[in-house]
Amino acid sequence: MNKEETDKYYIGETFKLALNGKYTVHPNPMVGAVIVKNGKIMGQGYHLKPGSPHAEQEAINDAGKSAHNSTLYINLEPCCHYGRTPPCSDLIIRSKIKRVVVSSLDPNPVVNGKSIEQLKRSGIEVKIGVLKDDAIKLNQGFFNKFLLKRPSVTCKSGISLDGKISLSNGSSKWITSEESRQDVQMERSIASLIFSSSKTVILDDPSLNVRDPLLLKKILKQPDLAIVDTRLKIPLKSKIFNNSSRKIYLFTSIKNTTKKYKKNVTIVYMETIDKRINISKCMKYLADQDINNIFIEAGPTLIKSFLEKSLIDEMILYISPKIIGSTGKTFSGVTHIKNLSKKIKFRISDMIPIGNNIKVRLEK
C-alpha cells in the first residue's frame, strides 16, 4: 500500500475501535485510536464512557515506549483542554509521537483546530481529513449539536407494504414481526433519548425503554425520554413514569400545573404555533442538555411536524408484506405536498431482511 492507502486503512481501524463505545459513550463522541510503527500496530484503544480514559491515552498506554517516533491514527481531533481527563494533545507531545493522522477536526469550539496547531508547534507532522465524511457520519449527533444546534434525529416506523401503520380505527397489533420489534430494542439502546407524543403514550401506554436482557448488560442507563404533552394529559400512572432513574422531559404549553411529578421529570414550557409545540425549539433545548441522538417513536402527527421542519436525518422503516388498504393511517401524516417538486427526498443507505420483514434505513 502507498502512504495514502495506508492512512485510510488505519483510520478505518479507528472507526472499528470507536464502535466499542456505541452503547456507553454518549454524550461524548465515539473515538478510536491506533499507534503504528514500522508497519505494525503497537497500541490501540477507544473511549468507553464519560470520565474514562480517552482513546489516545488508551492507545499510548498500550504502546508504551513504542509510541516514540510512531504514527498516531485517530478519527477525531484530540482534546487540548482539561475536562474529566487531562488534555490528550499534551500526552501526545510528551510521548514523542512523530506523526498524527486525524480524520476530522472536533466541532467543539473549545477544541476546534487548537489541538492541531499545538501539535504542529511541537514539531509533530499532522495530516487532517482522511475519510472525513465517514468520521462525521460516525458521530453525526455530536457534530449536529455544535454545527446545527440540534441533535441528530432518527425516526422509526413499522409499516405495511402500502405505508400504513394501523387500520382507520387505530388497530395496529401487530403489523411488523417479532424480529423487527426486537431489532427496535437495539436501535433504542444506542440513542441518547427517545422522543414521542402524549397521543402515543395515552393510546398504547408503552414503556419506551430497553428491555432486552443482553442489551441491558451493555448500556449504562436507559435512554432519556422526551414527550410532547401540550396540555399535560398523560396520566401519572402511565408506564413511562415507572422508571425514576432516567430523565424525562415533558414539552408543554402549560406554564403552571398542580400535577405532582417525580424528581426525574422536567416540565419544559414551549410556545405554540397554531396550537402546536414548536418542535425546532424542542430540538435546541435538548441539544443544550447534551443530547446528541434522538430516536422518534410516535404516530403520524408528530412525524409530520419533524418532516415539515426538515428535522429528520435518518428514517428506519420496518416493512411488513401486508396490505392494509387506503383507509389505513399513513406513517408520515404529510398533507402539504401538492406537486412532485415539493417531495421530501431520502436515499436508501441500507436494506436487510429481518424475519419476514425488511428493514430499510434512509438518509437525507
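Quick note: structure is the one above.
Residues numbered from 1 in each chain as written. Predicted model: local features only at pLDDT ≥ 70, side-chain atom pairs only at ≥ 80, totals over all residues. Heavy atoms only, no water.

Visitor: Before we go on, may I ask you to explain the environment of Gly-299 in this structure?
Guide: Mapping Gly-299 onto the fold places it in the loop between β14 (293-297) and α11 (300-308). In sequence terms Gly-299 and Ser-196 are 103 residues apart; their C-alpha atoms lie 8.2 Å from each other. (Helix = DSSP H or I, 4+ residues; strand = E, 2+ residues; numbered from the N terminus.)

Visitor: Even after reading the chapter, I still don't get the pairing of β14, so can you show me in this structure?
Guide: Looking along a regular strand, one sees the side chains alternate between the two faces of the sheet. Burial analysis of β14 places four of its five residues in the buried class, which makes it a mostly covered element. For strand β6 (residues 152-159) and β14, the ladder comprises five bridges, and the chain directions are parallel. Note on β14: the bridge partner recorded for Val-153 is Ile-294. Bridge count between strand β8 (residues 193-197) and β14: three bridges; the pairing is parallel. Residue pairing across strands places Ile-194 opposite Phe-295, the latter belonging to β14. (Buried < 20%, exposed > 50% of the residue type's maximum accessible area, 1.4 Å probe, protein only. Pairing = 2+ DSSP bridges.)

Visitor: For this particular structure, what's the right way to read helix α10 (residues 279-288)?
Guide: Side chains of residues three or four places apart in an α-helix project in the same direction, reflecting 3.6 residues per turn. Listed as buried for α10 are Ile-279, Cys-282, Met-283, Leu-286 and Ala-287. With its buried residues spanning 135° around the axis, α10 presents them on a single face. For α10, the capping residue at the N-terminal end is Asn-278, with a side-chain oxygen 3.1 Å from the backbone nitrogen of Ser-280. In the stretch just after α10, Asp-290 is the one whose phi turns positive, near 70°. (Arc of directions from axis to C-beta. Polar contact = N/O pair within 3.5 Å; in protein donor to acceptor, adjacent residues only side chain to side chain.)

Visitor: I tried to follow the sheet that holds strand β3 (residues 71-74) on my own but got confused; where do I start?
Guide: Neighbouring strands of a sheet are bound in pairs by backbone hydrogen bonds; such pairs are parallel or else antiparallel. The sheet built from five strands is open, its strands ordered β2-β1-β3-β4-β5 with mixed pairing. Where the open sheet ends on each side, the last strands, each with one partner, are β2 (40-46) and β5 (125-128). Direction aside, the axes of adjacent strands within the sheet are offset by 15° on average. Across four bridges, strand β4 (residues 99-102) lies against β5 in parallel orientation. Bridged to Arg-99 within β5 is Glu-125. Along the sheet, helix α1 (residues 3-18) makes contact with β1 (32-37), β2, β3, β4 and β5, crossing β1 at roughly 140°. Packing against the sheet, helix α2 (residues 55-63) makes contact with β1, β2 and β3, and its axis sits at approximately 140° to β2. (Axes fitted to C-alpha atoms, helices over the stretch in contact; angles between N-to-C directions. Contact = heavy atoms within 4.5 Å.)

Visitor: Would you explain the sheet that holds β14 in this entry?
Guide: Read across the open sheet, the nine strands follow the order β11-β10-β9-β8-β14-β6-β15-β18-β17; overall the sheet is mixed. Each edge of the sheet is formed by a strand with only one pairing partner; in this case those strands are β11 (265-269) and β17 (347-354). For this sheet, the mean inter-axis angle between neighbouring strands, taken without regard to orientation, is 20°. As paired elements, strand β15 (residues 314-319) and strand β18 (residues 357-363) share six bridges and run antiparallel to each other. In the strand pairing of β18, Leu-317 is matched with Val-360.

Visitor: Before we go on, may I ask you to explain α1 in this structure?
Guide: Its 16 residues place the ends of α1 23 Å apart at the C-alpha level, agreeing with the 22 Å of an ideal helix rising 1.5 Å per residue. One side-chain oxygen of the residue at the start of α1 lies 3.2 Å from the amide nitrogen of Glu-4, identifying that residue as Asn-2. (Expected span 1.5 Å × (residues − 1).)

Visitor: How do you make sense of the nonpolar core when you look at a structure like this?
Guide: Soluble globular proteins tend to bury their nonpolar side chains together. Within the largest apolar cluster, 32 residues are counted, with the highest numbers of intra-cluster contacts made by Phe-195, Phe-251, Met-283, Leu-286, Ile-294, Ile-296 and Phe-306. When near neighbours in sequence (up to four residues on either side) are disregarded, Phe-306 contacts Val-153, Phe-195, Ile-279, Met-283, Ile-296, Leu-311 and Ile-312. Judged by nonpolar contacts, the second largest core, of 22 residues, contains Ala-63, Ile-116, Ile-124 and Val-126. (Core = buried A, V, L, I, M, F, W, Y, C linked by side-chain atoms within 4.5 Å.)

Visitor: Whenever I open this one, the packing of aromatic side chains confuses me. Can you help?
Guide: Note on aromatic pairs: each is described by the distance of the centres and the angle between the planes. In this structure the tally under the stated criterion is nine aromatic pairs. Seen in terms of ring centroids, Tyr-9 and Tyr-10 are 5.0 Å apart; in terms of plane orientation they differ by 75°. Their pairing is edge-to-face. Classification of Tyr-10 as buried rests on a relative accessible area of 8%. Between Phe-142 and Phe-146 the ring centres are 5.2 Å apart and the planes differ by 75°, which places this aromatic pair in the edge-to-face class. One end of the pair, Phe-142, and the other, Phe-146, are both in helix α6 (residues 140-147), four residues apart, so they sit about a helical turn from each other. Since its relative accessible area comes to 8%, Phe-142 is described here as buried. In textbook terms, an aromatic cluster arises when at least three aromatic residues are bridged by ring pairs, as seen for Phe-195, Tyr-249, Phe-251, Tyr-285 and Phe-306. A cation sits over an aromatic face here: Lys-255 above Tyr-269, 5.2 Å from the ring centre. (Phe/Tyr/Trp six-rings, centres within 6.5 Å; stacked < 30°, edge-to-face > 60°. Lys NZ or Arg CZ within 6 Å of the ring centre and 35° of its normal.)

Visitor: In this structure, what is going on with the pattern of salt bridges? I would like to understand it.
Guide: Pairing is possible between side chains of opposite charge, provided their charged atoms come close. Following the criterion strictly, the structure yields 20 salt bridges and no others. Here Lys-8 makes a salt bridge to Glu-4, at a shortest N to O gap of 3.8 Å. Separated by four residues within a single helix, Lys-8 and Glu-4 lie in helix α1, roughly one turn from each other. Looking at Glu-4, the relative accessible area reads 49%, which means it is partly exposed. The salt bridge partner of Arg-99 is Asp-7, with a shortest N-O separation of 2.8 Å. Pair noted here: Arg-99 is in strand β4 and Asp-7 is in helix α1, with a separation of 92 residues, a long-range link. Here Arg-99 matches Asp-7 in class, with each residue buried. Residues participating in the shared-partner salt-bridge network are Lys-3, Asp-7, Arg-99, Glu-125 and Lys-127. (Salt bridge = Lys/Arg side-chain N within 4 Å of Asp/Glu carboxyl O.)

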